[in-house]
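In case you want the letters, here they are:
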Amino acid sequence: MANDQIFAGLKVVDFASFIAGPGAAVILSDFGADVIKVEPPTGDLWRGAHKIPPQPLAQDAYPWHLANRNKRGITLDLKSPGAQPVVERLVKWADVLIVNTPHLARRKLKLEYDDLVQWNPRLIYADLTGFGEKGPDADLPGFDITSYWARSGLLAMTRDAGAAPTWPVAGSGDNATAVGLYAAIVTALYRRERTGEGSYVTTSLLAEGVWSASVSIQAALCGAKFYAQHDRKNPANAALNVYRASDGTWFLLVITHDKLAAAAQAIGREDLVTDPRFSDPAKLTQNMHELTAILDEVFGSQPMPHWYDVFSRAHVTFGAVRGPQEVVADPQLRLNDIVVPLEGAGGKLTSTISSPIQIHRVTKASARRAPNLGEHNEQVLQELEFTAPEIDEIRASGAMGMSWAIGATGGKAHG
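The numbering scheme is per chain: residues are counted from 1 as the chain's sequence reads. Where local features are concerned, this predicted model is filtered to residues with pLDDT of at least 70; where side-chain atom pairs are given and counted, the filter is 80 or more; whole-chain, interface and lining totals use all residues. The side-chain quantities take in all heavy atoms of the structure and omit both hydrogens and water.

1. What to know about the overall build of the protein chain
No. 1: Secondary structure is summarised from DSSP: a helix means a run of H or I of at least four residues, a strand means a run of E of at least two, and numbering begins at the N terminus for each. Regarding its fold elements, the protein chain presents 21 helices and 12 strands.
No. 2: Its C-alpha atoms put the protein chain at 90 × 45 × 45 Å along the principal axes.
No. 3: Classification of the 415 residues of the protein chain by burial places 43% in the buried group.
No. 4: Accessible surface for the protein chain amounts to roughly 22100 Å². Of this, 57% is attributable to carbon and sulfur atoms.
No. 5: Considering the protein chain, the positive charge centre built from 39 side chains and the negative charge centre built from 45 side chains are found 1 Å apart. Here the term buried applies to any residue with accessible area under 20% of the maximum for its type, exposed to any over 50%, and partly exposed to those in between, with areas from a 1.4 Å probe on protein chains only. Note on areas: Shrake-Rupley with a 1.4 Å probe; residue coverage comes only from the protein chains shown. As used throughout, the charge tally considers Lys and Arg to be positive and Asp and Glu to be negative, leaving His and the chain termini uncounted. All charge positions are set by atom: Lys at NZ, Arg at CZ, Asp at CG, Glu at CD.

Structure (structure tokens):
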């Protein structure tokens, strides 16, 4: 494979916090972009997510490295007057700037597009919000569990009849949104190649959640008749249901109409195709619970490896339900570079999850640990062509954090 990193030389400033915005920057870094992560001197709150229930507890800061690998890191107090010259140099240096600070705060910090584009007309300004830029809730704070999951309708639909809404998997909506924001950035970069002009691009957690739920939301837009919430024992369609093998493994079964006869033969129940209770569509609807009960008995008679072989031979679509500890042992992940080595993180963090985009004949950048807090303050300021006296002045102002300023008294800054 050629070592052709598509975004080599692309300069990205990541002002975003938590996951979705930083995740878009990670994808750019996977293809060679130079990313500078900008945090407040107290650090991005996501640094401590590995110790906040219900996230799985660990000594290693696995969420931080996942969302910020391959980046250089600096600290900057945007409320400090001494921060403005650094922001200006970063904007002039950058091709792409990613920000998710709420717009009310952004205006006070002079971090809006109109504030920055004067310094760099070719800038791609990537804006991420919870609920969009307009409307009564435009300034509300949002996380993926509230904006992407709850507000979009997804959470209401991903539960069985009678069950309360559950707590969604943290970061799942954020990481989907990261791909959307990355797509917006790449689209703007392509436009810049054609026109020479920068762009203001944006998406929101709400927009991405509605896009994910779009089959059902589109149905609601045209007044479609919705079935009742899914009831496993009395489903709308027994061929699209969840069943349990004898070893306790749950699996999702998806038998399309053209596979019904082959599936019935594969499980040894050809009689179901001609059974008068199920052969007529109207009667099938009335007796769906009976068909489900029969299939429960059939599938409960053998372990999952047996059904894996049966379904695979018959080309029936299925999916065993697996927990995270089982997923990481799946050989498909490493064979397809979904899980890749992680360099330098220490502890048990020896591998990480690559972004979900692969380009044949292009080698992704090796995954390297996320930066320590303020690790590259000195290096980045020098790269931005601040002189030694100017760096001393920035340091003394506390604009990059008092710990860095105090640590510099001995001639060496602490990250």
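2. Looking at the nonpolar core
The tendency in soluble globular proteins is for nonpolar side chains to be buried as a group.
No. 1: Core analysis: the biggest nonpolar cluster contains 31 residues, and F7, L10, V12, L28, V96, I98 and I185 have the highest contact counts within it.
No. 2: Elements that contribute at least two residues to this core include exactly α1 (20–30), β4 (96–99), β5 (124–129), α6 (144–150), α7 (154–157) and α8 (172–195).
No. 3: No other element matches the 6 residues that α8 contributes to this core.
No. 4: A contact between two residues is defined here by any heavy atoms of the two lying within 4.5 Å. What V96 contacts, discounting residues up to four positions off in sequence, is L10, K11, V12, V13, L123, I124, I185 and L189.
No. 5: Judged by nonpolar contacts, the second largest core, of 30 residues, contains I74, L123, F386 and A399. Joining through side-chain atoms within 4.5 Å is the link that ties buried Ala, Val, Leu, Ile, Met, Phe, Trp, Tyr and Cys residues into a set, and such a set is a nonpolar core.

3. Topic: the sheet that holds strand β1 (residues 11–14)
No. 1: Pairs of strands are assigned from DSSP output, requiring at least two bridges between the strands. Pairing within the open sheet is parallel, and its 6 strands lie in the order β3-β2-β1-β4-β5-β6. The open sheet is flanked by β3 (71–75) and β6 (199–204), the only strands paired with a single partner. Each strand of the sheet is rotated relative to its neighbour by a mean of 20 degrees, with strand direction disregarded.
No. 2: Here 3 bridges tie β1 to β4, and the two strands are oriented parallel to one another. Within the sheet, the bridge partner assigned to D14 lies in β4 and is I98. Geometry is summarised by axes, namely lines fitted to C-alpha atoms with helices restricted to the contacting stretch, and by angles between N-to-C directions that run from 0 to 180 degrees.

4. A few points about α1
No. 1: Counting buried positions along α1 gives 11 out of 11 residues, so the element sits mostly inside the fold.
No. 2: Buried residues of α1: A20, G21, P22, G23, A24, A25, V26, I27, L28, S29 and D30, and no others.
No. 3: Of the residues trailing α1, G32 is marked for its positive phi of about 105 degrees.

5. Brief notes about the pattern of salt bridges
No. 1: Definition used for salt bridges: Asp or Glu carboxyl oxygen within 4 Å of a side-chain nitrogen of Lys or Arg. Under the definition given, this model contains 21 salt bridges.
No. 2: For the salt bridge of D14 with K71, the shortest nitrogen-to-oxygen distance reads 2.8 Å. Of this pair, D14 sits in strand β1 while K71 sits in strand β3, and the two are 57 residues apart along the sequence. One exposure class covers both D14 and K71, and it is buried.
No. 3: With a shortest N-O distance of 2.8 Å, R72 and E383 are connected by a salt bridge. Here the residue R72 occupies a position in strand β3, and E383 occupies one in helix α19 (residues 377–383), the gap between them amounting to 311 residues.

6. Concerning the pairing of β4
No. 1: Judged by which residues are buried, β4 turns out to be covered on both faces: V96 and I98 on one side and L97 and V99 on the other are all buried.
No. 2: Relative to β5, β4 runs parallel, the two being bridged by 4 bridges. Across the sheet, residue L97 finds its bridge partner in β5, namely Y125.

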